[in-house]
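A closer look at the structure
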2 protein chains.
Amino acid sequence: MPEHTIKAFDEEINRLRGLVAEMGGRVETALEDAMAALVEHDNDKARRVVSEDRKIDLLEAEVEKLVVQIIALRAPMANDLRDVIAALKIVGVVERIGDYAKNIAKRVPQLGAHPTIEPLSLLPAMAQVAGEMVGDALNAFAARDAALAEAVVARDHVVDSFYNGIFRALLTYMVENPKTISECAHLLFIAKNIERIGDHATNMAEMVYYAATGDYLPERGRDTGIES
Amino acid sequence: MPEHTIKAFDEEINRLRGLVAEMGGRVETALEDAMAALVEHDNDKARRVVSEDRKIDLLEAEVEKLVVQIIALRAPMANDLRDVIAALKIVGVVERIGDYAKNIAKRVPQLGAHPTIEPLSLLPAMAQVAGEMVGDALNAFAARDAALAEAVVARDHVVDSFYNGIFRALLTYMVENPKTISECAHLLFIAKNIERIGDHATNMAEMVYYAATGDYLPERGRDTGIES
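Because the structure is a prediction, the values reported are computed rather than measured.

Points about the overall build of chain A
- For chain A, the count of helices and strands is six helices and zero strands.
- Order of helices (α) and strands (β) in chain A, N terminus to C terminus: α-α-α-α-α-α.
- For chain A, the C-alpha atoms occupy an extent of roughly 70 × 40 × 20 Å along the three principal directions.
- The buried share of chain A, reckoned over its 228 residues, is 57%.
- Accessible surface, chain A: about 8900 Å² in total, of which carbon and sulfur atoms supply 55%.

With respect to the relation of the copies chain B and chain A
- Overlaying chain B on chain A yields an RMSD of 0.0 Å, the required transformation being a rotation through 180° with an accompanying axial translation of 0.0 Å. Within this description, the copies of the chain are treated as partners about a two-fold rotation axis. If distances are taken from each C-alpha of chain B to the rotation axis, the shortest is found for Ala 72 of chain B, at 2.2 Å.
- Most of the interface of chain B is mirrored in chain A, where 100% of its interface residues again form contacts.

Let's talk about the interface of chain B and chain A
- The partner chain A presents 49 residues to the 49 residues of chain B that form the contact.
- Taken together, the two surfaces of chain B and chain A that pack against each other cover about 4600 Å², and 50% of this comes from carbon and sulfur.
- With its nearest N and O atoms 2.7 Å apart, the salt bridge here joins Lys 89 of chain A to Glu 60 of chain B.
- Our count for the contact surface shared by chain B and chain A stands at 20 residue pairs in polar contact (both at pLDDT 80 or more).
- Of all the elements in the fold, those that place two or more residues in the side of chain B that touches chain A are α2 (43-74), α3 (78-111), α5 (146-176) and α6 (181-213) of chain B.

Description of the packing of helix α4 (residues 122-142) of chain B against α5 of chain B
Residue and element names in this part refer to chain B.
- Running from N to C, α4 and α5 cross one another at 165°; their axes reach a closest spacing of 9 Å. Viewed along their axes, α4 and α5 adopt a mutual orientation that is roughly antiparallel. Viewed along their axes, α4 and α5 form a crossing whose handedness is left-handed. Judged by residue contacts, Leu 122, Leu 123, Ala 125, Met 126, Val 129, Ala 130, Glu 132, Met 133, Asp 136, Ala 137, Asn 139 and Ala 140 of α4 engage Leu 148, Ala 149, Val 152, Arg 155, Asp 156, Val 158, Val 159, Phe 162, Tyr 163 and Ile 166 from α5.
- In the contact of α4 with α5, the residues fall into 17 nonpolar, one polar and four charged.

Digging into the pattern of salt bridges
- This structure, assessed with the given rule, holds 44 salt bridges over all chains.
- Between Arg 74 of chain A and Glu 12 of chain A there is a salt bridge; the shortest N-O distance is 2.8 Å. Separated by 62 residues along the polypeptide, Arg 74 of chain A in helix α2 (residues 43-74) and Glu 12 of chain A in helix α1 (residues 3-40) bring together distant segments of the chain.
- The partner of Glu 52 of chain A in a salt bridge is Arg 26 of chain A, with the nearest N and O atoms 3.2 Å apart. In this pair, Glu 52 of chain A is assigned in helix α2 and Arg 26 of chain A in helix α1, connecting sequence segments 26 residues apart.
- Given a relative accessible area of 33%, Glu 52 of chain A falls into the partly exposed group.
- In this structure, a network of salt bridges that share partners links the residues Arg 96, Lys 192 and Arg 196 of chain A together with Asp 156, Asp 160, Glu 195, Asp 199 and Glu 206 of chain B.

Notes on the UniProt feature "domain: PhoU" (unreviewed entry) in chain A
Residues and elements named next belong to chain A.
- Sequence positions flagged by UniProt for "domain: PhoU" (unreviewed entry) are, in local numbering, residues 21-108 and 125-208.
- With 94% helix and 0% strand, residues 21-108 has its two end C-alpha atoms placed 27 Å apart.
- The span residues 125-208 carries 92% helix and 0% strand; its end-to-end C-alpha distance comes to 25 Å.

Section: the nonpolar core
- Judged by nonpolar contacts, the single largest core of 155 residues is most densely connected at Ile 90 of chain A together with Ile 90 of chain B.
- Look past the residues within four positions of Ile 90 of chain B in its chain and what remains in contact with it is Val 20, Leu 138, Phe 141, Met 204, Met 207 and Val 208 of chain B.

Criteria and cut-off values
- Residues numbered from 1 in each chain as written.
- Chains lettered and ligands numbered in written order.
- Predicted model: local features only at pLDDT ≥ 70, side-chain atom pairs only at ≥ 80, totals over all residues.
- Heavy atoms only, no water.
- Helix = DSSP H or I, 4+ residues; strand = E, 2+ residues; numbered from the N terminus.
- Buried < 20%, exposed > 50% of the residue type's maximum accessible area, 1.4 Å probe, protein only.
- Areas by Shrake-Rupley, 256 points an atom, 1.4 Å probe, with all protein chains shown as cover.
- Least-squares fit on C-alpha atoms with pLDDT ≥ 70 in both.
- Contact = heavy atoms within 4.5 Å.
- Buried area = accessible area lost by both parts, 1.4 Å probe.
- Salt bridge = Lys/Arg side-chain N within 4 Å of Asp/Glu carboxyl O.
- Polar contact = N/O pair within 3.5 Å; in protein donor to acceptor, adjacent residues only side chain to side chain.
- Axes fitted to C-alpha atoms, helices over the stretch in contact; angles between N-to-C directions.
- Parallel < 35°, antiparallel > 145°, perpendicular 65-115°, else oblique.
- Left-handed = near helix turned anticlockwise from the far one by under 90°.
- Nonpolar A, V, L, I, M, F, W, Y, C, P; charged D, E, K, R; others polar.
- UniProt positions renumbered as here; feature names shortened; annotations may be inferred.
- Core = buried A, V, L, I, M, F, W, Y, C linked by side-chain atoms within 4.5 Å.

Below you can see the structure in the form of structure tokens.
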């Protein structure tokens, strides 16, 4: 490519990476705020998470537009092309993670201010791990860091163990005290949404690994889900 | 576009849809065969599912190549562009569903030929629903059928209920008979992989709805996971 084209291309790639990073930052914040709203019974904060989700969707649309523009005008090759395609796939997953954070926030007003049970100590810890996986997957993309992407995949089972522990705990609550059933159901929804965030962070990390190396993750056929 | 360009473009779009359909067909078969191998304790069939997964990965690469070619050479607009982008995102999800089917197949030899427990009646029924969701999501894409895509999303909770039922059943087995713990863990892995197939089919259906309508699903902020 002529010099000025290369410069324009680099600028577009940087803008693309910037948009992905901004989208990722918003999703990480959405998850943190949703969990804070849950713990603090803060319905206003929960409502803000729900309304902010729209911006995440708009960012995804912007990334799609830019990717199409880059492919159409710059015809990137090899690594660059893999990178651009990865950005498109990754924002599709990031957008979904944003939906899960929104779903968690939507539960907060339904839970009420006076919970009869408190397995909530486990939920924020679980969300912490899932959120770190999302952040690391995005950092791995920004830094083309295949090793960091691998580390994210290796961490998925932690989130799953949290989920299974919370599931068992809530099951016991429901059996022992049927009055708590609807409350426990809300908390199970929330745990499930966090568990899926971990799974999608893993998916993202696999895309990043492929974009960075051109190879599929060795552990790609690995098991997902409950630890044996 | 001049006549001959439109013709070439239509041919490329049809080829793209054909590749997505072939990939989807292979993934549906992989899931069916993995479950058949599980029920029939057929290790050879399970091994075939694992080795066939490579072809699914190659199809994804082919789709990516074609999408890039279409965007670069035909500069599709509006609906066509949404369609092409959707194909790219969808095959990313389809490929992941193939991995889950492969993970299930990998469990078969580890389970052995003489299971001491039989919650297997629930697992194939669960896989049936998840497989139908995948098939319908792909049919919705092929037919640009937004209503069918919506129906897929509405069905996700069925798979989740199956998972929770199986989880509880296996938990009971493990408590009552600790000898079955490793066997139950394998079956939990399998149930978890099927549950994730249902979630990814839902994700695909949302992408199809967006591609077909240009709007996000109304229920897009819906809850995912356990039914309340």
